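In case you want the letters, here they are:
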Amino acid sequence: MPHTLDAEARDLLFLKARTNTAWLDQPVSDDTLRELYNLMKWGPTSANTTPARILFLRTKEAKERLKPALAPGNVGKTMAAPVTAIVGYDSKFYEHVPRLFPQMPAMSEMFASNPQLSETTAFRNGSLQGGYFIIAARAVGLDCGPMSGFDNAKVDAEFFGGQSWKSNFLCNLGHGDPAKLFPRNPRFDFDEVCKLL
Ligand SMILES: Cc1cc2nc3c(=O)[nH]c(=O)nc-3n(C[C@H](O)[C@H](O)[C@H](O)COP(=O)(O)O)c2cc1C
């Protein structure tokens, strides 16, 4: 068993993986979405709270429900994508603590009685899971187009009305068209943003 990923895997997950906005005419199966979830779910979260919740929109009808909430610049790419995921989180994630973290079931009440702590925990860990989501999507051969340019309140009202689930970001999924990529922008070098103490 190798203990590190080889160059091909590093390319797939990071070095050659790009944010995509144009899509090839290739479908994404429900099995692939299940495969994606069954990888991402193993990424760590605090007290194993796993607050992320995901809606996979893969029909025209479902996409039409999303359309009015999208920033104008995100409409075309989203309507064209084979799948758009609403990556959200459950603000009442703590109800599941006794099952997911049986070592300390009392943490459920600790979160329930402290709305600020539970919101911070849900958003932090739900966002971490959103990162795992993107890497897992790449691992199963999909390209991603994450987006925050949309009206969260509209999405929540349309898809989660009356529930404790909230939207965090959107992520288009499919097979990106490599001919339509813009040149890649730079990243900081290690010494600019990391300190070794
Ligand atoms: C949370 C998040 C929100 C983003 N929102 C948008 C968006 O609303 N519209 C858009 O076109 N791109 C959006 N992007 C795409 C970023 O601009 C892109 O991922 C970044 O420039 C890196 O591009 P690269 O992966 O090709 O290097 C978003 C990315 C992330 C991670």
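Residues numbered from 1 in each chain as written. Predicted model: local features only at pLDDT ≥ 70, side-chain atom pairs only at ≥ 80, totals over all residues. Heavy atoms only, no water.

Asker: Help me understand the pairing of strand 1 (residues 52-57) in this model?
Answerer: Successive side chains on a regular strand alternate, one facing one side of the sheet and the next facing the other. Most of strand 1 sits out of view: five of its six residues are buried. Inspection of the sheet shows strand 1 paired to strand 2 (residues 83-90) by six bridges, in the antiparallel sense. For alanine 52, the partnering residue across the bridge sits in strand 2 and is tyrosine 89. (Buried < 20%, exposed > 50% of the residue type's maximum accessible area, 1.4 Å probe, protein only. Helix = DSSP H or I, 4+ residues; strand = E, 2+ residues; numbered from the N terminus. Pairing = 2+ DSSP bridges.)

Asker: Hey, could you run me through the sheet that holds strand 1 in this one?
Answerer: Strand-to-strand pairing in sheets goes through backbone hydrogen bonds, with the strands running parallel or antiparallel. A sheet is described by the order of its strands in space; here four strands give the open sequence 1-2-4-3, paired in antiparallel fashion. Strands at the two margins of the open sheet, each flanked by one partner only, are strand 1 and strand 3 (143-147). Each adjacent strand pair in this sheet contributes to an overall mean axis angle of 30°, direction not counted. Here strand 2 runs beside strand 4 (residues 165-174); their pairing, made up of eight bridges, is antiparallel. Bridge pairing in strand 4 links threonine 84 to asparagine 172. Its contacts with the sheet place helix 4 (residues 72-80) against strand 2, strand 3 and strand 4, and it is angled at close to 150° to strand 3. This element, helix 8 (residues 152-160), spans strand 1, strand 2 and strand 4 of the sheet and lies at about 95° to strand 4. (Axes fitted to C-alpha atoms, helices over the stretch in contact; angles between N-to-C directions. Contact = heavy atoms within 4.5 Å.)

Asker: Sorry, what's going on with the side chain of threonine 50 here?
Answerer: Among the structural elements, threonine 50 can be located in the loop between helix 2 (30-40) and strand 1. With residues near it in sequence (within four places) discarded, threonine 50 still touches Thr45, Leu100 and Gln129.

Asker: How should the layout of surface pockets be read in this particular structure?
Answerer: Any empty space left between atoms is shown by rolling a water-sized probe over those atoms. Empty space within the largest pocket amounts to approximately 400 Å³. Residue lining of the largest pocket: 15 residues in total, with Tyr37, Thr50, Ala52, Arg53 and Ile54 positioned closest to the centre. If you tally residues by element for the lining of the largest pocket, the top one is helix 2, at five residues. Per-class residue counts for the lining of the largest pocket are six nonpolar, four polar and five charged. Lining the second largest pocket are 14 residues, with Lys16, Arg18, Asn20, Asp143 and Gly176 sitting closest to its centre. Of the residues assigned to the lining of the second largest pocket, the class counts are five nonpolar, four polar and five charged. (1 Å grid on protein atoms, 1.4 Å probe; cavity = no way out; pocket = protein on both sides within 12 Å on 5 of 7 lines; lining within 4 Å. Points joined across faces, edges and corners; volume = space filled by probe spheres on them. Nonpolar A, V, L, I, M, F, W, Y, C, P; charged D, E, K, R; others polar.)

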